Amino acid sequence: MAKHIQHILVIRLSAMGDVAMSVPVLRALTLQYPNLKITILTRPFFKPFFRDLNQVSVYGADLKGEHKGVFGLYKLSKTLKKLNINAVADIHNVLRSKILKIFFLGTPFVQIDKGRSEKKALINGAVFKQLPTTVERYAEVFKKLGFPVNLSHPTFPKPIVLSKKLEAIIGDHDMKWIGIAPFAAHDSKMYPINQMETVIETLSKDYKLFLFGGGAKEVEILNGFQSKFNNVVNLAGQLNFNEELDIISNLEVMLSMDSGNGHMAAMLGRKVITIWGVTHPFAGFAPFNQPDDFALTANREEFPLIPCSIYGNKFPEGYEKASGTIAPETIVNKIISVI
């Protein structure tokens, strides 16, 4: 099949962490098959993820406007076909991509196996073992198209030279840099804020800390940390996405929850320490190319049903603070040990 394929459409519409996990796979794919052209169909917001991949073009899907609904997807498929697509790698496998599959009838179209039954067995307690990672599942799609990808020796872009604007924001350069992203989509995946404050207070004595976040409430909390401790800079609300990635590319290490920030740092080759609550790395969502001991998990003797959720949206009563069983000292010592 591969002999006839020169241009692959890759579908990964959302979410942030999952899109970020596609980047190391696409980087390896394009390096190992230099004549292959890739167009990734995703949300326009994620375009900066692929900025250093020369063989990769981004087609932004307007899923709330022009490409909304079945008729919008039909219109999208007609536009994409004009790009002379030879094959489709659907690494999302949702209703929208299944509809696109119909419109691409006759074109090789491989969809990701998400391992739903395996993941269900994991959270039901039937098994407790490492499942294939999301990155491995992505690579398997390309293998089925005839393009096996070797991920054993990954390469990453060099740290970005920072602009004068960013230099002004970050200030002094005489300390090593740590990124901290204390928030996640669900409270059950977040480390308790009072314990995170202890982590920040301790690390800020010897390192420069950059805080990442989003909404107004998060900005308020991070501003509080910035005003309370020296060597702490809240970046939330100050940067565009490209600038955020520029700073992440210069970090020594990123501390994040089971969230997109960890995957963004990993795709740039940074070290990533992750904190896990009701979810668990065994489900396959740990950041790419990180040692197992970089994932700090909640105490399963105290919370034996973990993992009780794949995404953090479902959990038994009382489990929402499970990550609090990880001591601040454990997190601090782990970070210091990897810097």
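All of the points below concern the structure found in this document.

1. Structural notes on the packing of aromatic side chains
Stage number 1. Overall, the coordinates contain 13 aromatic pairs when judged by the stated rule.
Stage number 2. Seen in terms of ring centroids, Phe-46 and Phe-49 are 5.6 Å apart; in terms of plane orientation they differ by 25°. Their pairing is stacked. With respect to burial, Phe-46 and Phe-49 carry one shared label: buried.
Stage number 3. A cation sits over an aromatic face here: Lys-81 above Phe-104, 5.6 Å from the ring centre.

2. Side note on the layout of surface pockets
Stage number 1. Each pocket or cavity is described by its volume, and for the largest pocket that value is around 890 Å³.
Stage number 2. Counting only elements with at least two residues in the lining of the largest pocket, the list comes to α1 (16–32), α5 (134–144), α9 (241–248) and α10 (260–267).
Stage number 3. Here the lining of the largest pocket is composed, by residue class, of 20 nonpolar, 14 polar and 9 charged.
Stage number 4. When its volume is computed, the second largest pocket comes out at roughly 480 Å³.
Stage number 5. Of all the secondary-structure elements, those providing two or more residues to the lining of the second largest pocket are α5, β10 (271–276) and β11 (295–297).

3. Observations regarding the sheet that holds strand β5 (residues 109–111)
Stage number 1. With parallel pairing, 5 strands are arranged side by side in an open sheet as β3-β2-β1-β4-β5. At either end of the open sheet lies a strand with only one pairing partner, and these are β3 (56–60) and β5. On average, adjacent strands in this sheet sit at an angle of 20° to one another, irrespective of strand direction.
Stage number 2. Note: strand β1 (residues 7–11) against strand β2 (residues 37–42), 5 bridges, orientation parallel. The residue bridging Leu-9 from the neighbouring strand is Thr-39, located in β2.

Criteria and cut-off values
Residues numbered from 1 in each chain as written. Predicted model: local features only at pLDDT ≥ 70, side-chain atom pairs only at ≥ 80, totals over all residues. Heavy atoms only, no water. Phe/Tyr/Trp six-rings, centres within 6.5 Å; stacked < 30°, edge-to-face > 60°. Buried < 20%, exposed > 50% of the residue type's maximum accessible area, 1.4 Å probe, protein only. Lys NZ or Arg CZ within 6 Å of the ring centre and 35° of its normal. 1 Å grid on protein atoms, 1.4 Å probe; cavity = no way out; pocket = protein on both sides within 12 Å on 5 of 7 lines; lining within 4 Å. Points joined across faces, edges and corners; volume = space filled by probe spheres on them. Helix = DSSP H or I, 4+ residues; strand = E, 2+ residues; numbered from the N terminus. Nonpolar A, V, L, I, M, F, W, Y, C, P; charged D, E, K, R; others polar. Pairing = 2+ DSSP bridges. Axes fitted to C-alpha atoms, helices over the stretch in contact; angles between N-to-C directions.

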